[in-house]
Amino acid sequence: MMNIQPPPQTPAPTSQPPEPPPPPTPAIQATSLTTTRGTRKVLHNLTFTVPQGQITGLLGPSGCGKSTLMRAIVGTQARVTGTLNVLNHPAGTPALRSRIGYVTQDPSVYDDLTVRQNLEYFAAILSPGHGETATRRQEDVTRAIAEVDLTTHADALAANLSGGQRNRVSLAVALLGTPELLVLDEPTVGLDPVLRRDLWDLFHTIAANRGTTILVSSHVMDEAERCHRLLLMREGEILADDTPESLRTSTATPTVEAAFLHLVDKANAT
Ligand SMILES: Nc1ncnc2c1ncn2[C@@H]1O[C@H](COP(=O)(O)OP(=O)(O)OP(=O)(O)O)[C@@H](O)[C@H]1O
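Residues numbered from 1 in each chain as written. Predicted model: local features only at pLDDT ≥ 70, side-chain atom pairs only at ≥ 80, totals over all residues. Heavy atoms only, no water.

If you look the protein chain up in an unreviewed UniProt entry, it shows as ABC transporter ATP-binding protein from Streptomyces flavofungini.

Now the structure itself:
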């Protein structure tokens, strides 16, 4: 007797295209974020997102609240209200510590140690131990020094480095734990144009090669053009949350600086 197989099932034709994958969760999500320092309200009801894997510039004049916002994001700022989620956790959650690299405005570098010794010191705090852990630590130190292009200066005393090189040592420290989010507070302040360009190239390399989300503050508006996205701040408020190109287009201005001034005038008028 023949064994008759049923005809193969063909899927019913559908007119619907497949669902696109959901957009990735933003690296940072803030809703109604407010902060008071002393008796002053410094951040006023901020609502914004920072996308994953891109460079977002936090730009605005001195004193507008950039460092305070960064401190809130890394969890070191007291008296923050509203909602602030970082890498899917409330800001300041202990589990985030190893996932965020934070470089403050003052380079965290010991002058009497060499570049390598500085890195070894911080690496030992991050992952103490002997044997295999120590070997991996040495590899991490060598990799971080290479990433910031200081291999030829690895044995130089930090006291003998230029301002830009010291900034890069701080950045290497932040890169030790291969963080998913890098928060850099005015890393290019006081640097000459060549060093500034080199550091920005490095940020782009880190974002592209590692998929790291970078939030970088500056009050130099020409640096805005180097970012994928911008948060423009003024007096504790966010004036714009957009790409440099969209900002220029929507304000019909040739530069982000002109766009910023346009938005300030508009805010003052209202
Ligand atoms: N420890 C503090 N106590 C009280 N007020 C503070 C304190 N630190 C900063 N502020 C105030 O908070 C406001 C925002 O300061 P913040 O350092 O966040 O600004 P910023 O935009 O990072 O400035 P800059 O570009 O000069 O670093 C300023 O008005 C400042 O005077």
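Tell me about the site of the ligand, residues and numbers included.
Close to the ligand lie 14 residues; R40, S62, G63, T68 and E186 are nearest. Between a nitrogen atom of the ligand and a side-chain N or O atom of R37, the distance comes to 3.4 Å. Here an oxygen atom of the ligand sits 3.1 Å away from a polar atom, N or O, in the main chain of C64. Protein chains bury 65% of the 640 Å² of accessible surface belonging to the ligand in isolation. When residues of the shell around the ligand are traced back to their parent elements, those giving at least two are β2 (40–50) and α1 (66–74). Looking at the shell around the ligand, the element that brings in the most residues is α1, giving three residues. Across the shell around the ligand, the residue classes break down as three nonpolar, seven polar and four charged. (Near = heavy atom within 4 Å. Polar contact = N/O pair within 3.5 Å; in protein donor to acceptor, adjacent residues only side chain to side chain. Areas by Shrake-Rupley, 256 points an atom, 1.4 Å probe, with all protein chains shown as cover. Helix = DSSP H or I, 4+ residues; strand = E, 2+ residues; numbered from the N terminus. Nonpolar A, V, L, I, M, F, W, Y, C, P; charged D, E, K, R; others polar.)

Give me unusual backbone geometry: which residues, what numbers.
The phi angle at N45 is positive, at roughly 55 degrees, despite the residue not being glycine. On the secondary structure map, N45 appears in strand β2. Taking the relative accessible area as the measure of exposure, N45 reaches 53% and is therefore exposed. In this structure, L87 takes a positive phi of about 50 degrees despite not being glycine. Residue position: L87 is located in the loop between β4 (80–86) and β5 (89–90). You can call L87 buried: its relative accessible area is 11%. (Buried < 20%, exposed > 50% of the residue type's maximum accessible area, 1.4 Å probe, protein only.)

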